[in-house]
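Okay, here's what each chain looks like letter by letter:
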Amino acid sequence: MHLSIIIPVFNEQDSIDSFVEAIRPHLARALDCMGEDAKAELLFVDDGSTDRTPEILKALTRRDPQVRFLRLSRNFGKEAALAAGMRRARGAAVVPMDVDLQDPPEVLPQLVEEWLAGAKVVNARRVDRSTDGHFKRLTANSFYRAINMVSETPIPENVGDFRLLDRTVVDAVNSLGETARFNKGLFAWVGFKVATVDYVRASRHAGETKWRFRRLWGLAIDGITASTTAPLRIWTYVGGATALIAFAYAAFLILHTLSTGIDVPGYASIMVSVLMLGGIQLLSIGILGEYVGRIAKEVRQRPLYIVEGDSDGEGTGPGPDTSPIAHEDSAWTPQRMRA
Ligand code: UDP
Ligand code: MG
């Protein structure tokens, strides 16, 4: 049984060695929980680093058989790097972690325990973000509030990418074909039994944060558009309401002009045509939005549902045919139906 740790790295030459040293004892404890023949792999995904990161990783793989790495051809961003790592990971359980020790390795054994107790996803929740500046906390909080108001599957607050995912969940996430990747949303979308472990977030161990405001903003927009089409739908209601008010006012103007005569020449006819056209336009934008939203959903090609298991597979244990979800390369069986 393997435990895979996926570590996306982008220009992290000062952090890698201390990360490997820091995680070692906790990884050993986590493996103890998993049994005699449990093994770990530390899968680094070099997200197009331009510093000494590749050399350090190469040296590390020579010294340490637990370490593997994967190099992307350029900087694709953390979400893509994580997706690449999840497709390459071999573990029965997979844990994405940051290399800067902001995701404390001490939590690893707890994650594994919850997993062995039956959870398919074990979220690690930050109970204290005081190390993350005011601005970051404020924007993060407003983001979670906004996305959970509109998202169809709620995204747990204060849970980052640091969490344990069972193989079935990893396979389910890997099967999602969308390219605007928002991993936290996908982890929430696939479902399965979830447990939560709390931890206190440390400050960055070395180097500096790779997230600039513009990137985080981009991630937030990706997150919202990937989880919901509500922003498109809003215009149906705004348009409908405006059109209704406009038509009512137009009717009033017509009646008023007919009963009391013309006070300003041209006013009534111009107002009526402006209001009518404006209302009709907003309403049709809303209707367009409804269809565009459906197109956006269809092109994502997410499976209609994900099956966790069935009566035939019960008690038979893992085997080539009883695995509820097909592996990456094998074709999906009828369990996976297209919407
Ligand atoms: N990272 C990456 N590609 C990027 C940006 C970041 O692989 O384009 C990695 C980075 O090396 C680190 C993790 O993602 O291991 C988290 O990044 P960071 O600590 O800068 O983010 P923060 O903790 O400030 O949100
Ligand atoms: Mg960090």
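Whatever comes next refers back to the structure up there.
Because the structure is a prediction, the values reported are computed rather than measured.

## As for the sheet that holds strand 4 (residues 93-96)
Inference 1: Ordered by their spatial adjacency, 7 strands build an open sheet running 3-2-1-4-6-5-7, and the pairing between neighbours is mixed. Every interior strand has two partners, whereas the edge strands, strand 3 (67-71) and strand 7 (194-200), have only one. Taken pair by pair, the neighbouring strands of this sheet meet at an average axis angle of 20°, ignoring direction.
Inference 2: Bridge count between strand 1 (residues 2-9) and strand 4: 4 bridges; the pairing is parallel. Bridged to Ser4 within strand 4 is Val94.

## Some remarks on the site of ligand 1
Inference 1: Surveying the vicinity of ligand 1 reveals 19 residues, the closest of which are Glu12, Asp47, Asp100, Thr209 and Lys210.
Inference 2: One nitrogen or oxygen atom from the side chain of Glu12 is found 2.6 Å from an oxygen atom belonging to ligand 1.
Inference 3: Asn75 is positioned with one of its side-chain polar atoms (N or O) 3.1 Å from an oxygen atom of ligand 1.
Inference 4: Judged by the fraction of its atoms near the pocket grid, ligand 1 is located in the largest pocket.

## Section: the pairing of strand 1
Inference 1: Of all 8 residues that make up strand 1, 7 are buried, and the element is covered over most of its length.
Inference 2: When strand 1 meets strand 2 (residues 39-46), the two strands line up parallel, connected through 8 bridges. Looking at strand 2, one finds that Ser4 is bridged to Glu41.
Inference 3: Taking the sense of rotation as the criterion, the β-α-β connection linking strand 1, helix 1 (residues 16-34) and strand 2 turns out right-handed.

Here is what the cut-offs are and how they apply
Residues numbered from 1 in each chain as written. Chains lettered and ligands numbered in written order. Predicted model: local features only at pLDDT ≥ 70, side-chain atom pairs only at ≥ 80, totals over all residues. Heavy atoms only, no water. Pairing = 2+ DSSP bridges. Helix = DSSP H or I, 4+ residues; strand = E, 2+ residues; numbered from the N terminus. Axes fitted to C-alpha atoms, helices over the stretch in contact; angles between N-to-C directions. Near = heavy atom within 4 Å. Polar contact = N/O pair within 3.5 Å; in protein donor to acceptor, adjacent residues only side chain to side chain. 1 Å grid on protein atoms, 1.4 Å probe; cavity = no way out; pocket = protein on both sides within 12 Å on 5 of 7 lines; lining within 4 Å. Sits in = over half its atoms within 2 Å of the grid points. Buried < 20%, exposed > 50% of the residue type's maximum accessible area, 1.4 Å probe, protein only. Right-handed = clockwise from strand over helix to strand, strands pointing away.

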